[in-house]
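# What the coordinates show
Listed below, chain by chain, are the residues.
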Amino acid sequence: IEPFLLALKVNHTLELLNLESNFITADMIIKLLDAISGNKSAVSDLRLSNQRQRVLGVKMEQEITDMVLKNPRLNNLGLDFETAQARVRIRDHLKKTMDTNKRLARLNKGA
């Protein structure tokens, strides 16, 4: 999977990444989020629902939340969280990011 992560770091055209219903661990989810957090990544929609493990654990959910909050391009994240704090923080961040991106698109369209 390391070559895939390297490709994600340099790809600037892929906008939707759907990896639902795979056997991706929490550690790999964090590595994926790190790979798409770079300046060249255009991924704005990441779908990771229905993984093998149902519960990621509080520590892993917190790390995933921190990675998502650092990504200004991510508009959608398909991933289930057990803790309310992770769900709320990520939902609020994604909503803010989506609103900002829509506003920028509107401004660029008018210019």
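None of the values given here were measured: they were computed from a predicted structure.

## Looking at the sheet that holds strand β2 (residues 45-47)
Taken in spatial order, the three strands make up an open sheet running β1-β2-β3, and their pairing is parallel. Either end of the sheet is taken by a strand with one partner, and the two such strands are β1 (16-18) and β3 (76-78). Between one strand axis and the next, the sheet turns by 0° as a mean value, whatever way the strands run.

## Considering the side chain of N75
Examined against the element boundaries, N75 turns out to sit in the loop between α3 (58-69) and β3. Of the residues examined, N75 reaches a relative accessible area of 17% and is grouped as buried. Within the structure, N75 has its side chain in polar contact with the side chain of N101 (distance 2.9 Å). Aside from chain neighbours lying at most four places away, what touches N75 is S44, L94, T97, M98 and N101.

Thresholds applied
- Residues numbered from 1 in each chain as written.
- Predicted model: local features only at pLDDT ≥ 70, side-chain atom pairs only at ≥ 80, totals over all residues.
- Heavy atoms only, no water.
- Pairing = 2+ DSSP bridges.
- Helix = DSSP H or I, 4+ residues; strand = E, 2+ residues; numbered from the N terminus.
- Axes fitted to C-alpha atoms, helices over the stretch in contact; angles between N-to-C directions.
- Buried < 20%, exposed > 50% of the residue type's maximum accessible area, 1.4 Å probe, protein only.
- Polar contact = N/O pair within 3.5 Å; in protein donor to acceptor, adjacent residues only side chain to side chain.
- Contact = heavy atoms within 4.5 Å.

That's the geometry; what it means functionally is another story.
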